[in-house]
Amino acid sequence: MLHEKLSSIYDNVLRRNPGEIEFHQAVREVLDSIGPVLGKHPEYAESKIIERICEPERQIIFRVPWMDDQGQVQINRGFRVEFNSALGPYKGGLRFHPSVYLGIVKFLGFEQIFKNSLTGLPIGGGKGGSDFDPKGRSDREVMRFCQSFMTELYRHIGEYTDVPAGDTGVGGREIGYLFGQYKRITNRYESGVITGKGLVYGGAQVRTEATGYGCVFFVDEMLKARGTSFDGKRVVVSGSGNVAVYAIEKVEQLGGLVVACSDSSGYVLDEKGIDLELLKQIKQAERGRLDAYAQRRDHATFVSGRSVWEVPGEVALPSATQNEITGEAAAAMVAGGLVAVGEGANMPTTPEGIKVFQEAGIAYGPGKAANAGGVATSALEMQQNASRDSWTFEFSEQRLQEIMHDIHDRCLSTADEYGMPGNYVAGANIDGFRRVADAMLALGLI
Ligand code: NDP
Ligand code: 2IT
């Protein structure tokens, strides 16, 4: 049940943003947590902080025309939603996936506000992307698309304004083409305008690994808080992209056994533990499909068209996409001996699934907290760019680990403060919200 004031705010969000179901879901989850904050802070309601937070500061939608390798003209739609800049320049990734529409970009941008706030670093929230599908496209096609995308986006971004990065379908290759075009159009080597850059042109150590590593650090903290660790734990990961691969790498370093991972075609089961070198070869070097893994490793099996969440594990790291864990899947996971969930992806668990995890007493780390290591390390990249410095891998990883430790502790202490011990969802939403709300109050009616 929503707090009465919040219920009318939510109804307004539904009315003002018709059809944007993922955005509605993301707003609802935050509103569900912050009722008790309004009791303690009537000034937030008086200044209509929540109504303001739910309305993006600026939304940009643009045409992206480009030419494919056959000489055919293609048209996609580009988005950048600049959601909230109370804490710093808009910060958040770009997603290239055929499912992208305004509702997805807004859900991601909205989540990003609270996630970025939780890091404690000076970054606001934003997100962007396109319905462009990079799958099966040549490098030249991807380059032409990225150049066209940036030819519009460049006028809206800047190191003090809005700083994009990667997300699904946008990795090192795309960031290179995007930065190259920005530099060309503006005639400025403005490193801090985009993060996730290659190490040879202003990128930061550990940014590539940061989301996956950070997620595992967060789960490690949750396990420690319950007197246990990754050592010997059976782990299931969804996805096999940037987040999943480096989550698997860190779990293996901490002594866990990852038995399964997936892509949109199905999952591989490898009871001896995922061979990370082979996975990287197939997914990163060859940009191939996951069935190739089972073809090259005798004892592994590829299960086509099914959800990886049918594989039992003690730790689950959903790292593919939104709403991949339904209530039914969550119940099966709990029955299979689940202890902890760390969300590498954004909003991978449905509201029904979250309820199942919480009622079963699972250590459940929501994406806002568990995957914040990626954007936090982006903020470290901005910091290094601003001071024209570059840090070592070891130092950067240590910073990331400290940040994840702090986020974990803040979630727990905030949940305690509000009488919901162990509830990381409430802790993350309330702590993330408070910092943004206080900054908005301080900045006046903007
Ligand atoms: P990648 O594009 O590198 O990998 C995505 C992986 O998820 C692929 O294995 C892909 O399979 C699978 N996947 C994507 N969409 C779907 C879908 N609709 N159905 C089934 N499988 C799907 O993306 P990332 O690893 O960067 O991102 C994964 C998640 O993590 C996203 O939710 C993203 O928002 C989140 N995230 C990413 C951060 C980052 O730094 N990159 C930071 C914080 C969160 P296939 O190749 O078959 O499509
Ligand atoms: O969802 C996310 O936090 C990201 N895709 C990373 C954003 C960033 O700016 O590094």
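Structure shown above.
An account of the accompanying structure is given in this report. What you see as residue numbers is a count from 1 along each chain, following the sequence as written. Numbering of ligands from 1 and lettering of chains from A proceed in the order in which they are written. The predicted origin of the model limits local features to residues at a pLDDT of at least 70 and limits the giving and counting of side-chain atom pairs to 80 or more, whereas totals for whole chains, interfaces and linings rest on all residues. Note that the side-chain values use all heavy atoms of the structure and ignore hydrogens as well as water.

## Details of the site of ligand 1
Piece 1. Proximity criterion: a residue is near a molecule or strand once any of its heavy atoms comes within 4 Å of it. Close contacts around ligand 1 come from 25 residues, with Asp167, Thr211, Ser264, Arg289 and Asn346 the closest.
Piece 2. Taking Asp167, its side chain carries an N or O atom lying 2.7 Å from an oxygen atom of ligand 1.
Piece 3. Here Val243 contributes a backbone N or O atom positioned 2.9 Å from an oxygen atom of ligand 1.
Piece 4. What sets the accessible areas is the Shrake-Rupley method with a 1.4 Å probe; for residues, cover comes only from the shown protein chains. Protein contacts shield 83% of the accessible area of ligand 1, which totals 880 Å² for the unbound molecule.
Piece 5. Working definition: helices are DSSP H or I runs of at least four residues, strands are E runs of at least two. Numbering for both runs from the N terminus. Among the elements of the structure, helix 8 (207-225), helix 9 (242-253) and strand 7 (257-263) are those that each provide at least two residues to the shell around ligand 1. N or O atoms closer than or at 3.5 Å make up a polar contact, with two conditions inside protein: a donor-capable atom paired with an acceptor-capable one, and, for residues adjacent in sequence, both atoms drawn from side chains.

## Here we look at the sheet that holds strand 7
Piece 1. Note on pairing: DSSP must find at least two bridges between two strands before they are called paired. Pairing within the open sheet is mixed, and its seven strands lie in the order 9-8-7-6-10-11-12. The open sheet has two edge strands with one neighbour each: strand 9 (301-304) and strand 12 (363-365). Pairs of neighbouring strands in the sheet enclose a mean axial angle of 15°, with direction left out of account.
Piece 2. In this sheet, strand 12 lies alongside strand 11 (residues 340-342) in parallel orientation, the contact comprising three bridges. Of the residues in strand 12, the one forming a bridge with Val341 is Tyr364. Between N-to-C directions, angles span 0 to 180 degrees; the directions come from axes that are lines fitted to C-alpha atoms, helices contributing only their stretch in contact.

## Things to note about the site of ligand 2
Piece 1. For ligand 2, the set of nearby residues contains 14 residues, the closest of which are Lys91, Lys115, Lys127, Asp167 and Ser378.
Piece 2. Between ligand 2 and Lys115 there is a distance of 2.7 Å, counted from an oxygen atom to a side-chain nitrogen or oxygen.
Piece 3. One nitrogen or oxygen atom from the side chain of Asn346 is found 3.0 Å from an oxygen atom belonging to ligand 2.
Piece 4. The protein chains hide 94% of the 300 Å² of surface that ligand 2 would expose on its own.
Piece 5. Where the shell around ligand 2 is concerned, the elements lending two or more residues are strand 3 (90-96), helix 5 (102-118) and helix 15 (372-386).
Piece 6. Residues of the shell around ligand 2, tallied by class, amount to two nonpolar, seven polar and five charged. Gly is put with the polar residues, along with every residue not named as nonpolar or charged; the nonpolar set is Ala, Val, Leu, Ile, Met, Phe, Trp, Tyr, Cys and Pro, and the charged set is Asp, Glu, Lys and Arg.

## A look at the side chain of Lys106
Piece 1. With respect to the secondary-structure elements, Lys106 resides in helix 5.
Piece 2. Within the structure, the side chain of Lys106 is placed 2.6 Å from the side chain of Asn17, a separation counted as a polar contact.
Piece 3. With sequence-adjacent residues up to four places away left out, Lys106 is seen in contact with Asn17, Glu20, Phe23, Pro56, Gln59, Val81 and Phe83. Whether two residues are in contact is decided by their heavy atoms: any pair within 4.5 Å suffices.

## Things to note about the pairing of strand 8 (residues 266-269)
Piece 1. Pairing of strand 7 with strand 8, which is carried by four bridges, proceeds in the antiparallel orientation. By the bridge assignment, Asp263 is partnered in strand 8 with Gly266.
Piece 2. Linking strand 7 back to strand 8 in an antiparallel pair, the connection comprises two residues.
Piece 3. Direction of pairing for strand 8 relative to strand 9: antiparallel, over a ladder of four bridges. Paired with Val268 across the two strands is Phe302, which belongs to strand 9.

## Considering the sheet that holds strand 5 (residues 162-165)
Whether parallel or antiparallel, the strands of a sheet pair through hydrogen bonds between backbone atoms.
Piece 1. The strand order across the open sheet built from five strands is 1-2-4-3-5, with neighbouring strands paired in mixed fashion. Each edge of the sheet is formed by a strand with only one pairing partner; in this case those strands are strand 1 (58-67) and strand 5. Adjacent strand axes in the sheet meet at a mean angle of 20° when their direction is disregarded.
Piece 2. The pairing of strand 3 with strand 4 (residues 125-130) spans three bridges and is parallel. Counterpart to Leu94 in the pairing with strand 4 is Gly128.
Piece 3. Each of strand 1, strand 2 (73-84), strand 3, strand 4 and strand 5 touches helix 6 (residues 139-153); the most contacted strand, strand 1, lies at about 140° to it.

## Some details on the side chain of Thr377
Piece 1. Mapped onto the secondary structure, Thr377 falls in helix 15.
Piece 2. In this structure Thr377 touches Gln205, Val206, Arg207, Ala210 and Leu400, once residues within four positions along its chain are discounted.

## Some remarks on the packing of aromatic side chains
How two aromatic rings sit relative to each other is set out by the distance from centre to centre and by the angle between their planes.
Piece 1. Pairing of aromatic rings covers Phe, Tyr and Trp, the last counted by its six-membered ring, and requires centre-to-centre distances within 6.5 Å; plane angles under 30 degrees mean stacked, over 60 mean edge-to-face, and any other angle means tilted. Taken as a whole and judged by the stated rule, the model has 19 aromatic pairs.
Piece 2. Considering the side-chain rings of Phe179 and Tyr189, the 5.3 Å spacing of their centres and the 70° angle between planes classify their relative orientation as edge-to-face. A residue pair is termed long-range when its members are at least 10 positions apart, and Phe179 in helix 7 (residues 172-186) and Tyr189 in the loop between helix 7 and helix 8 qualify at 10 residues.
Piece 3. Ring centres of Phe357 and Tyr364 lie 5.8 Å apart, and the angle between their planes is 35°; this geometry places the pair in the tilted category. We note that Phe357, like Tyr364, is buried.
Piece 4. A connected cluster of aromatic rings, assembled from ring pairs, spans Phe62, Trp66, Phe96, Phe132, Phe145 and Phe149.
Piece 5. If you follow Lys40 out to its NZ or CZ, it ends over the ring of Tyr418, 4.4 Å from the centre. Here the term buried applies to any residue with accessible area under 20% of the maximum for its type, exposed to any over 50%, and partly exposed to those in between, with areas from a 1.4 Å probe on protein chains only. A positively charged side chain is recorded as over a ring if its NZ (Lys) or CZ (Arg) lies within 6 Å of the ring centre. The angle to the ring normal must also be within 35 degrees.

## Quick word on helix 9
Piece 1. In a helix, the anticipated span is given by 1.5 Å times the number of residues less one. Spanning 12 residues, helix 9 covers 17 Å between terminal C-alpha atoms, matching the ideal 16 Å at 1.5 Å per step.
Piece 2. Across the 12 residues of helix 9, nine count as buried, placing the element largely inside the fold.
Piece 3. Taken together, the buried positions of helix 9 are Val243, Ala244, Val245, Tyr246, Ala247, Ile248, Glu249, Lys250 and Val251.
Piece 4. Residues of helix 9 that are buried in the fold lie against helix 8, strand 6 (234-238), strand 7, helix 10 (276-285), strand 10 (315-318) and helix 16 (393-417).
Piece 5. Gly255 sits one or two residues past helix 9 and shows a positive phi near 90°.

## Details of the nonpolar core
Piece 1. Judged by nonpolar contacts, the single largest core of 55 residues is most densely connected at Leu279, Leu317 and Ile407.
Piece 2. With nine residues, helix 8 is the largest single contributor of residues to this core.
Piece 3. Residues within four places of Leu279 in sequence aside, it is in contact with Ser240, Val245, Ile248, Cys261, Ile274, Gln284, Leu290 and Tyr293.
Piece 4. The criterion is simple. A nonpolar core is a set of buried Ala, Val, Leu, Ile, Met, Phe, Trp, Tyr and Cys residues joined through side-chain atoms within 4.5 Å. Counting residues in each nonpolar core, the second largest holds 40 residues, with Val100, Ile104, Phe107 and Ala437 among its members.

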